[in-house]
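Structural overview
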Amino acid sequence: MPHGMTRREFVKKGLTMVAVGATAPAFLTRTALAMTNPWDVAEVQSRPGVPDQRILVVVQLGGGNDGLNTVVPFADDAYYRARPTLAVPQKDVLRLTDSLGLHPALARLKGLYDQGAVAVVQGVGYPNPSRSHFRSMEIWHTADPEGRVVRYGWIGRYFDSQCPVCEQPTVGVNVGPTLPLAMRAASGQGVTLESPEAFQWMPSFEGIGRQEQVELFRLLNAPAPNEPGTIDFLRHTAMNAYVSAEQVRAAVARYRGGTGYPNSHFAASLRLIAQMIAGGLPTRVYYAHMTGFDTHAAQRGVHERLLAELAEGVEAFYRDLRPQGNADRVLTLAFSEFGRRVAENGSAGTDHGTAAPMFLFGPAVKGGLYGQHPSLTDLTDGDLKHAIDFRSVYATVLERWLGADPIKILGAPFDRVPFV
């Protein structure tokens with residue numbers, strides 16, 4: 001550290017480095033949490049018998065996906081009575097069984113399903129469901145329908161449980177503008193970026209070139225003996241951010257894929273994740289987003305487009321991962337905060353409902369349908385009854401894919417769903 005730089009000067013000059021799109025709190029929260037943490041760079045480790053190299057990709061379908069028009073009960077007359085204008089015609093359904101099928105916009109997923117690489121968990125929800133986007137998403141992120149005071153997300157608690165003092169911010173990477181509550185951890189792991197180019201130190205000094213500024217920043221924050229603990233910690237935190245940005249860009253630069261992706265924001269997110277996986281980034285959980293599923297009016301065309309984006313993006317993602325040799329390492333979980341009501345409304349749309357299907361993708365899943373499709377005649381206030389608690393899906397992923405103890409993370413035991 002150069003001569004005479006005070007803590008105030010360091011904070012003023014050094015920590016203005018936070019990048020456009022970078023998540024400063026993910027790094028800086030360590031200042032309040034762990035002044036005595038070791039500086040060791042460690043990676044999350046799994047239980048014996050579960051490979052450490054497994055990766056989970058979480059896809060959030062924001063807005064409340066219409067599960068009934070996603071997994072279609074085409075043999076049930078009640079479905080067509082409830083949805084005179086929105087029901088998917090029998091002849092168009094991509095049949096999975098004699099009574100259930102996928103929306104025709106999910107043709108690319110049907111191909112994966114036929115290969116045994118798609119598991120559909122039906123009738124997923126939780127007791128006393130909320131129809132509020134904010135509250136329901138909070139419940140899914142924290143895995144806390146009971147309303148306990150839970151500050152951290154279920155993925156963040158997984159990070160904490162496996163390595164509470166890890167100095168590895170890239171153990172969790174969110175592709176989006178803000179870190180989701182699901183990834184918020186006491187130990188501060190997780191970074192957020194929308195592009196590798198934006199996830200970097202932004203020079204702010206005047207009078208010298210960018211490369212010189214980057215080098216100056218690196219030198220300013222290099223380890224130095226006999227420094228006060230606070231300055232040493234801040235240096236380390238700043239370097240953590242710098243190194244993470246460098247790791248991400250280096251990983252993406254190693255990507256040599258030639259797979260074509262659809263032209264959508266979601267597909268671009270999955271392509272970036274595939275690039276980071278190919279580049280060997282030591283990340284255990286990635287998070288991607290789709291929005292727009294809140295289809296209160298004129299649902300047909302909008303929902304069809306969204307389902308096509310989902311299917312085409314996921315299909316391209318695994319088509320990209322296969323030649324890398326990474327497809328078997330990657331499990332993708334897709335969820336929405338709730339489904340839609342059974343009956344369509346007067347605006348050719350559907351309103352907030354309750355239970356809906358969840359999806360698991362990847363060659364490692366045991367493909368097929370899990371659970372029973374909810375009854376369309378035995379309803380609660382016009383809504384589907386859930387049969388599988390979403391925390392059962394989380395518990396299965398935590399234990400059988402990530403090798404963690406689900407009770408420690410979820411706070412209670414839940415049945416497993418044998419999709420993996």
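Residues numbered from 1 in each chain as written. Predicted model: local features only at pLDDT ≥ 70, side-chain atom pairs only at ≥ 80, totals over all residues. Heavy atoms only, no water.

On to the packing of aromatic side chains, then. For the structure shown, the criterion picks out eleven aromatic pairs. On the basis of an interplanar angle of 10° and a centroid distance of 3.8 Å, the ring pair of Trp154 and Tyr394 is categorised as stacked. In this pair, Trp154 sits in helix α7 (residues 154-162) while Tyr394 sits in helix α12 (residues 390-401), placing the two residues 240 residues apart along the sequence. Comparing Trp154 with Tyr394, the two get one shared label, buried. (Phe/Tyr/Trp six-rings, centres within 6.5 Å; stacked < 30°, edge-to-face > 60°. Helix = DSSP H or I, 4+ residues; strand = E, 2+ residues; numbered from the N terminus. Buried < 20%, exposed > 50% of the residue type's maximum accessible area, 1.4 Å probe, protein only.)

Below, the discussion takes up the side chain of Lys110. One can find Lys110 in helix α5 (residues 107-114). Setting aside its immediate chain neighbours within four residues, Lys110 contacts Leu94, Arg95, Leu96 and Leu102. (Contact = heavy atoms within 4.5 Å.)

What follows concerns the confidence of the model for the protein chain. Taken over all residues, the pLDDT of the protein chain has a mean of 83, while the share at 70 or more is 74%. Within the model, pLDDT remains below 50 along residues 1-44, and this stretch shows 105 contacts once partners closer than five positions in the same chain are excluded. (pLDDT = per-residue confidence, 0-100.)

Residue alternation in strand β6 (residues 172-175) divides its side chains into two sets, Gly172 and Asn174 and Val173 and Val175, and both sets are buried. Two strands pair when backbone bridges link them, and β6 and strand β8 (residues 285-290) are joined in this way by three bridges, in the parallel orientation. Bridging from a neighbouring strand, Asn174 pairs with Tyr287 of β8. Across three bridges, β6 lies against strand β7 (residues 191-193) in parallel orientation. Its bridge partner lying in β7, Val175 is registered against Leu193. (Pairing = 2+ DSSP bridges.)

What follows covers the sheet that holds strand β2 (residues 71-72). On the basis of which strands lie adjacent, the open sheet formed by three strands has the order β2-β4-β3 and antiparallel pairing. Here the strands that pair on one side only, and so sit at the sheet edges, are β2 and β3 (94-95). The pairing of β2 with strand β4 (residues 101-102) spans two bridges and is classified as antiparallel. Note on β4: the bridge partner recorded for Val72 is Gly101.

As a further point, take the pattern of salt bridges. Think of it this way: side chains of opposite charge can pair up when their charged atoms draw near. According to the stated counting rule, one finds 16 salt bridges in the structure shown. In this structure, Arg391 and Asp389 form a salt bridge, with 2.8 Å as the shortest nitrogen-oxygen distance. Residue Arg391 is classed as buried on the basis of its relative accessible area, which comes to 4%. Put simply, Arg131, Arg341, Asp381 and Asp383 are held in one network by salt bridges that share partners. (Salt bridge = Lys/Arg side-chain N within 4 Å of Asp/Glu carboxyl O.)

Turning to the pairing of strand β10 (residues 356-361), a few remarks are in order. Two faces, one strand: in a regular strand the side chains alternate between the faces of the sheet. The element β10 is largely enclosed, with a buried count of six among its six residues. Across five bridges, the pairing between strand β5 (residues 118-125) and β10 is antiparallel. Within β10, the position partnered with Val118 by the bridge is Phe361. By the bridge criterion, three bridges tie strand β9 (residues 330-335) to β10 in an arrangement that is antiparallel. Counted as the bridge partner of Leu333 is Leu360 from β10.

Closest axis-to-axis distance for the helix α10 (residues 265-278)/helix α11 (residues 299-324) pair is 9 Å, and the angle between their directions is 15°. Between α10 and α11, the angle is such that the two are roughly parallel. As α10 packs across α11, the resulting crossing turns out to be right-handed. Side by side, α10 and α11 meet where Phe266, Ala267, Leu270, Ile273, Ala274, Ile277 and Ala278 of the first sit next to Glu309, Leu310, Gly313, Val314, Phe317, Asp320, Leu321 and Gln324 of the second. By residue class, the composition of the contact of α10 with α11 is eleven nonpolar, two polar and two charged. (Axes fitted to C-alpha atoms, helices over the stretch in contact; angles between N-to-C directions. Parallel < 35°, antiparallel > 145°, perpendicular 65-115°, else oblique. Left-handed = near helix turned anticlockwise from the far one by under 90°. Nonpolar A, V, L, I, M, F, W, Y, C, P; charged D, E, K, R; others polar.)

With that settled, consider unusual backbone geometry. Even without being glycine, Asn128 reaches a positive phi, approximately 50°. A relative accessible area of 74% means that Asn128 is categorised as exposed. Backbone geometry at Ala298 places phi at a positive 45°, although glycine is not the residue there. Taking the relative accessible area as the measure of exposure, Ala298 reaches 52% and is therefore exposed.

Among the nonpolar cores identified, the biggest contains 53 residues, and Val57, Leu270, Ile273, Met276, Tyr286, Val314 and Phe317 are the most heavily contacted of them. Counting residues per element, this core draws most heavily on α11, which supplies ten residues. Residues Leu56, Met137, Ile155 and Val397 belong to the second largest nonpolar core, which totals 43 residues. (Core = buried A, V, L, I, M, F, W, Y, C linked by side-chain atoms within 4.5 Å.)

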